[in-house]
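So the chains spell out like this:
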Amino acid sequence: DEHQWKLVDLDPEEVGKNILEGPKESITKYEVVSREFMHGQPVTRVTLRSISGRYHQLNVHLAAFGHPIVGDNVYGPNGEALRNGGLTDEELEQLIPNPNRASDEVQRLINEVVNAKEMPPCVHAKYIKFKHPVTKKTYEFSTESPF
């Protein structure tokens, strides 16, 4: 919607400020699929379902949960946006206690490997279904994760 499109061309520092000043309600459902290792570092594979479909919703929610998407150079470690979705470590732990949260060091190490190998962010639409806005025909696609 209008508020979110205003964020698109802003400086990364301004995006974080605007998100915190005018947040919109959004819901993401998640399920832990497995705990794995990627290049020697622990990662968690999850299935995500965006209920409200906000711009960058999955990225922001996972960062705020303390588990940014691997390879996300905006909301991930050393990213352009505010760390942990703008929450301090204390706020994050109080709102979302999580003993499995990846440390900053682990997140940084994973992103260094992903960036060095020029891998894209590890996010993948396994299934998508939508109605074409002009023809009104329903399209449905599914594919396995490439990572």
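Below is a short write-up of the structure. Quantities reported herein were computed from a predicted structural model and do not represent experimental measurements. (Residues numbered from 1 in each chain as written. Predicted model: local features only at pLDDT ≥ 70, side-chain atom pairs only at ≥ 80, totals over all residues. Heavy atoms only, no water.)

**Some details on the side chain of Asn111**
Tracing the backbone shows Asn111 in helix α5 (residues 104–116). Its relative accessible area of 4% is what places Asn111 among the buried residues. Those residues in contact with Asn111, other than ones at most four positions away along the chain, are Val70, Gly71, Asp72, Asn73 and Pro77. (Helix = DSSP H or I, 4+ residues; strand = E, 2+ residues; numbered from the N terminus. Buried < 20%, exposed > 50% of the residue type's maximum accessible area, 1.4 Å probe, protein only. Contact = heavy atoms within 4.5 Å.)

**A few points about the pairing of strand β2 (residues 41–50)**
With 10 bridges connecting them, strand β1 (residues 28–38) and β2 associate as antiparallel partners. Pairing of Thr28 across the sheet is with Ser50, part of β2. The turn linking β1 back onto β2 is made up of two residues, and His39 within it adopts a positive phi angle of 55°. (Pairing = 2+ DSSP bridges.)

**Structural notes on the nonpolar core**
Within soluble globular proteins, side chains that are nonpolar tend to cluster in buried spots. Counting seven residues, the largest nonpolar core consists of Met38, Val43, Val70, Val106, Ile110, Val114 and Cys122. Once you skip the residues sitting within four places of it in the chain, Cys122 turns out to touch Met38, Ile69, Val70 and Phe147. (Core = buried A, V, L, I, M, F, W, Y, C linked by side-chain atoms within 4.5 Å.)

**Some remarks on the packing of aromatic side chains**
Using the criterion set out here, one finds three aromatic pairs in the structure. An angle of 5° between the planes, with centres 6.3 Å apart, marks the rings of Tyr139 and Phe141 as stacked. Residue Phe141 is classed as partly exposed on the basis of its relative accessible area, which comes to 47%. An aromatic cluster of three or more residues is present, and its members are Phe130, Tyr139 and Phe141. (Phe/Tyr/Trp six-rings, centres within 6.5 Å; stacked < 30°, edge-to-face > 60°.)

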